[in-house]
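If you want the building blocks of each chain, they are given just below.
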Amino acid sequence: MNIRSLGYIGIAAPDPAACLDFATRILGLMPARACPGEDWGTPAIPGSGPASAGSGTAADGSVYLKMDDQQWRIAVHPRPGRAGLLYMGFEVAGPLELEQALRELNAAGHAAHMGSAEEAAARAVTGIGRTHDPLGNTLELFYGPVKDRKFASPHGTRFVAGELGLGHINLMAPLLPEARDFYVRTLGFRLTDFIRFGGGNSANFFHCNARHHSVGLLKVADIPGVHHLMLEVDGIDQVGQCLERVEAAGVQVTSTLGRHANDRMLSFYMASPFGFEVEIGCEGMRVGSDWTPCEFVEGDVWGHRGLDPETIQRNLAAMAGG
Ligand SMILES: [Fe+2]
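Figured I'd write up the structure that's included with this text. Please read these numbers as outputs of a predicted model, since none were measured by experiment.

Across its full length, the protein holds six helices and 18 strands. Its C-alpha atoms give the protein a radius of gyration of 19 Å, near enough to 20 Å, the size a compact globule of 322 residues would have. Here the C-alpha coordinates of the protein stretch approximately 60 × 50 × 40 Å along the principal axes. Within the protein, the fraction of its 322 residues that count as buried is 45%. Contacts in the protein between residues at least 24 apart in sequence constitute 69% of all its contacts with a sequence separation of at least 6.

With respect to the secondary-structure elements, Ser-116 resides in the loop between strand 6 (113–114) and helix 3 (117–121). Along the chain, Ser-116 and Phe-22 lie 94 residues apart, while their C-alpha atoms are 32 Å from each other.

With that settled, consider the sheet that holds strand 9 (residues 168–172). Read from one edge of the open sheet, 10 strands run 17-10-11-12-9-13-16-15-14-18, paired in mixed fashion. Pairing within the sheet leaves two strands with one partner each, and these edge strands are strand 17 (294–296) and strand 18 (300–303). Averaged over neighbouring strand pairs, the angle between their axes works out to 20 degrees when direction is ignored. Bridge count for strand 10 (residues 190–196) against strand 17 is three bridges, and the pairing is parallel. Within strand 17, the residue paired with Asp-193 across the bridge is Cys-294.

By the secondary structure assignment, Ala-53 is in the loop between strand 2 (30–31) and strand 3 (63–66). Considering only alpha carbons, one finds Ala-53 and Gly-284, 231 residues apart in sequence, at a separation of 35 Å.

What follows deals with unusual backbone geometry. Backbone geometry at Ala-221 places phi at a positive 50 degrees, although glycine is not the residue there. Among the secondary structure elements, Ala-221 is positioned in the loop between strand 12 (215–219) and strand 13 (226–232). Unusually for a residue other than glycine, Arg-264 sits at a positive phi of about 60 degrees. Along the polypeptide, Arg-264 turns up in the loop between strand 14 (253–260) and strand 15 (266–270).

What follows covers the nonpolar core. Formed by 84 residues in total, the largest nonpolar core has its most connected members in Ile-11 and Leu-65. If you tally residues by element for this core, the top one is strand 1 (residues 5–13), at six residues. When residues of this core are sorted by domain, at least three fall in each of domain 1 (5–143) and domain 2 (162–319). When neighbours within four sequence positions are excluded, Ile-11 is seen to be in contact with Ile-74, Ala-75, Val-76, Ala-83, Leu-85, Leu-86, Phe-274 and Gly-275.

Further remarks concern helix 4 (residues 176–186). Listed in full, the buried residues belonging to helix 4 are Ala-179, Phe-182, Tyr-183 and Thr-186. Buried residues along helix 4 cover an arc of 115 degrees about the axis, so they all sit on one side. For helix 4, the exposed residues lying more than 90 degrees away from the buried face are Pro-177 and Arg-185. Contact partners of the buried residues in helix 4: helix 2 (95–107), strand 11 (202–207) and strand 12. Just downstream of helix 4, Gly-188 is the residue with a positive phi angle, here 90 degrees.

Our next topic: the sheet that holds strand 3. Judged by pairing direction, the sheet is mixed, and its eight strands sit side by side in the order 2-3-4-1-5-8-7-6 without closing on themselves. Since the sheet does not close on itself, it has two edges, and those belong to strand 2 and strand 6, each with one partner. Sheet analysis places strand 1 next to strand 4 (residues 74–78), joined by five bridges and oriented parallel. Each residue of the ladder has a partner; that of Ile-11, found in strand 4, is Val-76. Here helix 1 (residues 16–27) sits on the sheet in contact with strand 1, strand 2, strand 3 and strand 4, set at roughly 155 degrees to strand 4. Strands strand 6, strand 7 (127–132) and strand 8 (138–143) of the sheet are contacted by helix 2, whose axis makes an angle of about 15 degrees with strand 7.

Conventions used here
Each chain has its residues counted from 1, running along the sequence as written. Reporting of local features is limited, given that this is a predicted model, to residues whose pLDDT is at least 70; pairs of side-chain atoms are given and counted only at 80 or more, and all residues count toward the totals for whole chains, interfaces and linings. Strands are runs of DSSP state E lasting at least two residues, helices are runs of H or I lasting at least four, and both sets are numbered from the N terminus onward. To get the radius of gyration, use the C-alpha atoms; to get the globule rule, take the number of residues to the power 0.38 and multiply by 2.2 Å. Remark: C-beta atoms are placed from the backbone, and a residue is labelled buried if 20 or more other C-beta atoms sit within 10 Å of its own, exposed if 12 or fewer do, or partly exposed between those counts. Remark: residues whose backbone-derived C-beta atoms lie within 7 Å of one another are considered to be in contact. Two strands pair if DSSP finds at least two bridges between them. Axes here mean lines fitted to C-alpha atoms, for a helix over just the part in contact, with angles spanning 0 to 180 degrees between N-to-C directions. When buried Ala, Val, Leu, Ile, Met, Phe, Trp, Tyr and Cys residues are joined through C-beta atoms within 7 Å, the set is termed a nonpolar core. Segmentation of the chain into domains, including their bounds, is taken from an automatic or database domain assignment. The arc in question is traced by the directions running from the helix axis to the C-beta atoms.

Nothing here speaks to function; it is all geometry.
Here it is as structure tokens:
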């Protein structure tokens, strides 16, 4: 199976409007110009545009966020209770590749099925299928996303996305061997590198394109969920400008500014209303098809105070309201 990129994610949260505010005012994302499934209207007829009128908010209260040419990259759906990941969308090349991917998933014992035209329209893609990973996360495989262009960040932020996907997501992996097998053997991701930090804990990084990793599997005790979502911006000034907004708004910095040893990302981490941390970084490393995996013995060149297992555990519990 050949996954092209992490194309989108969906989040469940009790207050999508608060997530929209955080995403636009702090992160620099843009409300989607239209929500998936909406009629775009006729460009030549004034006032015939989508009903959401660039608010990024759909009739059911879901919020859609844009970071590049793609219509949307992050959705937040209203759900009572704790915020958290609802689904991840992985892009495949086309309709035949989607059919083949679903066959391979079923053959490997992971129930997978093709979605309807309505389900595809609800994600603004051409075709869609669904399955689950061994950690219980919902995975959507899709092809043909709507590209409406015209991204304009409220803060002038330029995100490094496009063919590299929206960034990376680091999943907590109590069932590390099963999860690793699923992402590598079935989905076709390749191991980039890994770090062991004692007590059977480890961070493992997997790529499906030139981005150092699109998926990370982090084993810290048996904690489930998501550790963080990383969005890459175009240069250190944009990382610093986001950090200034974070400090001015009183958002909690969960890991200080630093540079990772493996993907060379210069970044910091913050608490978010998404139910997991958000990392904003730049200068992430690219890998080629000739990459060979390696083991790192330390996580950082400098900085990133707050990424030790104990602090990770404490921050996740705090964000989950536990
Ligand atoms: Fe990261």
